[in-house]
Amino acid sequence: MEYEIYLDMFFLVNFYMDYMIMWAVTKILKITQHVYIRRIGAAAVGALYATLIIAFRLNGAVWKIMTYAVIVLLMSFILTGKKKIRQIIGGAGLIYLFAITLGGILHVIYYYTFAGFALRGQGVSWVLVGVGGVMFAPLLQSMIKSISKRLYLKETRTVAILENKDKKIKLMALLDTGNSLYDPIFNVPVNLIESEAARKIMEDGMGMGYHLIPFASVGNESGLIPVVQFTGLTIHTSGGEFHIDKPWFALYSGRLSGKEEYNIILHPEMLHKSNKEDNNVFKSNDA
C-alpha cells in the first residue's frame, strides 16, 4: 500500500500542533519575554525535523535518539531560553506531557468515534487535526490551571504579609495541604496563626468576629479554638503575589514550628478559590 504525502501540508499540520503545545508550556512556565518568537521558533524546529524525517525516510537508532531526546531538548531550549540543563529538561518534560495528551485525544477521536469513522472513510484525516485542536484547547486550559496550582503548592514555606486595618506584619507561612480546618458557621477555610504573633496587630478581638470553632489534631481528640478575621493577607510565591481579602485565622496558643521556621499555616484553598459571599476574593497581581 502506498501513501501520497504532501510535505507542505505535513509541515503546516505539525507546526500547528507543535505551536499549540508550545503555547501550553509557555503558559505553565509563565514565559513572557519574546514569547511569540520563542513559540514559533520551537514549533518550526519540531515541524521541520518531522518533515525531513518523512521526506528522506530517515530511520534507525541514531534518528530515534534525535527524535525523542535531542530535538525535544532543543525545542525546550528555544522556548525557555534557559541555559541550565535541569530547566531545559523540565521544559522538555512538559512538552512530552502535552504531546502525549494531544496524541491520546486524536487517537480516541480517530478510532473510537463516529466522526473518526467518517473521516477514515472519506480519507480526509487533515480535518481531524482541526477538530482535535478545537477539542484540545479547553482541556489545555484546565490542565494549565491544575498544574499551576500544584506548582505553587510545592513551595512549602513562603512569605506572608498579614494586615489589620492600618497595621501590617511580615511572617513566614507554611502551605500545608493537610490543613482542613473549616469554619462551620461561615463555611470558609481557616488558617492557623500563633497567638503571640497575631497579638502584634490585633485590637479588640470581639471587633474582629471573634468566635470559637471545633477542631481536631494529633494528640487532641477534639476541642474549641478561637477564630478572628483580619483585613487582608498577601502571599508571595514564585507564581506571583496573591491577595486574599478578609481571611479567617484560628489563634493557636503554642508554637506551630519547633524551630520557629513559620508562624502561619495556610489552608490550601487560599490559593485555589474564594468565597464571594464573605468577600474573600482571590486576586493575582500578575493578571
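Residues numbered from 1 in each chain as written. Predicted model: local features only at pLDDT ≥ 70, side-chain atom pairs only at ≥ 80, totals over all residues. Heavy atoms only, no water.

As annotated in an unreviewed UniProt entry, the protein chain is Putative sigma-E processing peptidase SpoIIGA from Eshraghiella crossota DSM 2876.

Novice: Help me understand the packing of aromatic side chains, please; the structure alone is not making it clear to me.
Specialist: Both the distance between ring centres and the angle between the ring planes are used here to describe each pair of aromatic rings. By the definition in use, this model includes four aromatic pairs. On the basis of an interplanar angle of 35° and a centroid distance of 6.2 Å, the ring pair of phenylalanine 15 and tyrosine 19 is categorised as tilted. Here the residue phenylalanine 15 and the residue tyrosine 19 both occupy positions in helix H1 (residues 7-29), the gap between them amounting to four residues, near one helical turn. The class for phenylalanine 15 is partly exposed, based on a relative accessible area of 22%. A centroid spacing of 5.6 Å and a plane angle of 80° characterise the contact between phenylalanine 230 and phenylalanine 249, whose relative ring orientation is edge-to-face. Of this pair, phenylalanine 230 sits in the loop between strand E7 (220-229) and strand E8 (232-237) while phenylalanine 249 sits in strand E10 (residues 248-252); the two residues are 19 residues apart in sequence, bridging distant segments of the chain. (Phe/Tyr/Trp six-rings, centres within 6.5 Å; stacked < 30°, edge-to-face > 60°. Helix = DSSP H or I, 4+ residues; strand = E, 2+ residues; numbered from the N terminus. Buried < 20%, exposed > 50% of the residue type's maximum accessible area, 1.4 Å probe, protein only.)

Novice: Would you take a moment to explain the pattern of salt bridges for this structure?
Specialist: Close approach of charged atoms lets side chains of opposite charge pair. Counted according to the given criterion, the structure contains two salt bridges. A salt bridge links glutamate 194 to arginine 255, with the nearest nitrogen and oxygen atoms 3.3 Å apart. Placement of glutamate 194 in strand E5 (residues 191-194) and of arginine 255 in the loop between E10 and strand E11 (264-266) is noted, with a sequence separation of 61 residues between them. On the basis of relative accessible area, arginine 255 is assigned to the partly exposed category, the value being 44%. (Salt bridge = Lys/Arg side-chain N within 4 Å of Asp/Glu carboxyl O.)

Novice: What exactly am I supposed to notice about the UniProt feature "transmembrane region" (unreviewed entry) in the protein chain here?
Specialist: Cross-referencing UniProt, the feature "transmembrane region" (unreviewed entry) maps to residues 6-25, 37-56, 62-81, 93-112 and 124-144 in the present numbering. Secondary structure across residues 37-56 comprises 95% helix and 0% strand; the distance between its end C-alpha atoms is 28 Å. The straight-line gap between the two end C-alpha atoms of residues 62-81 is 26 Å; of that span, 95% is helix and 0% is strand. (UniProt positions renumbered as here; feature names shortened; annotations may be inferred.)

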